[in-house]
Amino acid sequence: MGEALPFENESFDLVIMDNVLDHCQDPVQVIAEIHRVLVPGGCFYFRQNIYHRWGKFVRFWIELLRIDKGHPYTFSLRDIHALVDVRASRCCFASGEATGLHGNGTFLQGA
């Protein structure tokens, strides 16, 4: 659903995405859609669980063994920075909640 939002361009002042991106089939398209529906100067609040290298390894095996098949993606803080930077011109605030041994990552980008 997030890959093709049923709203007109520049429809929202604020978009909130709270720990959803790892459930989407195409995270790059989801971020593009969010920026499409944001008004100029709008704010995108984004929070996502992130994993250190060991945590990503564990998640890989959990997914491969189909123990938890509802998460097509697992992100590190670097992954999130790269993904959000694809369309960062209107990203106001983003944070990552750590899972495993990785610290909490927060970054701020101008709208």
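Cut-offs used in this document
Residues numbered from 1 in each chain as written. Predicted model: local features only at pLDDT ≥ 70, side-chain atom pairs only at ≥ 80, totals over all residues. Heavy atoms only, no water. Helix = DSSP H or I, 4+ residues; strand = E, 2+ residues; numbered from the N terminus. Buried < 20%, exposed > 50% of the residue type's maximum accessible area, 1.4 Å probe, protein only. Contact = heavy atoms within 4.5 Å. Core = buried A, V, L, I, M, F, W, Y, C linked by side-chain atoms within 4.5 Å. Pairing = 2+ DSSP bridges. Right-handed = clockwise from strand over helix to strand, strands pointing away.

**Q** Please clarify how the overall build of the protein should be interpreted in this entry.
**A** Within the protein one finds three helices and four strands. The linear arrangement of helices and strands in the protein, starting from the amino end, is β-α-β-α-α-β-β. Evaluated residue by residue, the protein yields a buried proportion of 40% over its 111 residues. Relative to all contacts within the protein whose residues are 6 or more apart in sequence, the contacts with residues 24 or more apart total 70%.

**Q** Please explain the environment of P72 as it appears in this structure.
**A** Mapped onto the elements, P72 comes out in the loop between helix 2 (53-64) and helix 3 (77-85). Owing to a relative accessible area of 38%, P72 belongs among the partly exposed residues under this scheme. Separated by 47 residues in the primary sequence, P72 and Q25 place their C-alpha atoms 6.7 Å from one another. With near-sequence residues (within four places) excluded, P72 lies in contact with D22, H23, C24 and Q25.

**Q** I keep staring at unusual backbone geometry and nothing clicks. Help me out?
**A** Trans peptide bonds make up the majority, and among non-glycine residues the majority have a negative phi. Positive phi values are uncommon outside glycine, yet E10 reaches one of about 50°. Looking at where E10 falls in the secondary structure, it is placed in the segment before strand 1 (12-18). The backbone of N19 shows a phi angle near 55°, a positive value even though the residue is not glycine. Counting through the fold element by element, N19 comes out in the loop between strand 1 and helix 1 (27-37). The exposure class assigned to N19 is partly exposed, which follows from its relative accessible area of 23%.

**Q** I keep staring at the nonpolar core and nothing clicks. Help me out?
**A** Soluble globular proteins: nonpolar side chains tend toward being buried together. Of all hydrophobic cores here, the largest spans 16 residues; its most connected members are M17, L21, I34, F44 and F46. Of all elements in the fold, only strand 1, helix 1, strand 2 (38-51) and helix 3 reach the threshold of two or more residues within this core. The contact partners of M17, leaving out residues within four places of it in the chain, are V30, I31, I34, F44, Y45, F46 and R47.

**Q** Which parts of the structure should I look at to understand the pairing of strand 1?
**A** The side chains of a regular strand alternate between both faces of the sheet. Here strand 1 pairs with strand 2 via six bridges, running parallel. Across the sheet, the residue bridging to F12 is L38, located in strand 2. Regarding topology, helix 1 serves as the crossover connection from strand 1 to the parallel strand 2, and that connection is right-handed.

**Q** When you look at the environment of K56 in this model, what are you seeing that I'm missing?
**A** Position of K56 relative to the elements: it lies in helix 2. Considering only alpha carbons, one finds K56 and F75, 19 residues apart in sequence, at a separation of 7.4 Å. Look past the residues within four positions of K56 in its chain and what remains in contact with it is Y51, T74, F75, S76 and D79.

Interpretation note: all reported values are geometric properties and have no functional meaning in isolation.
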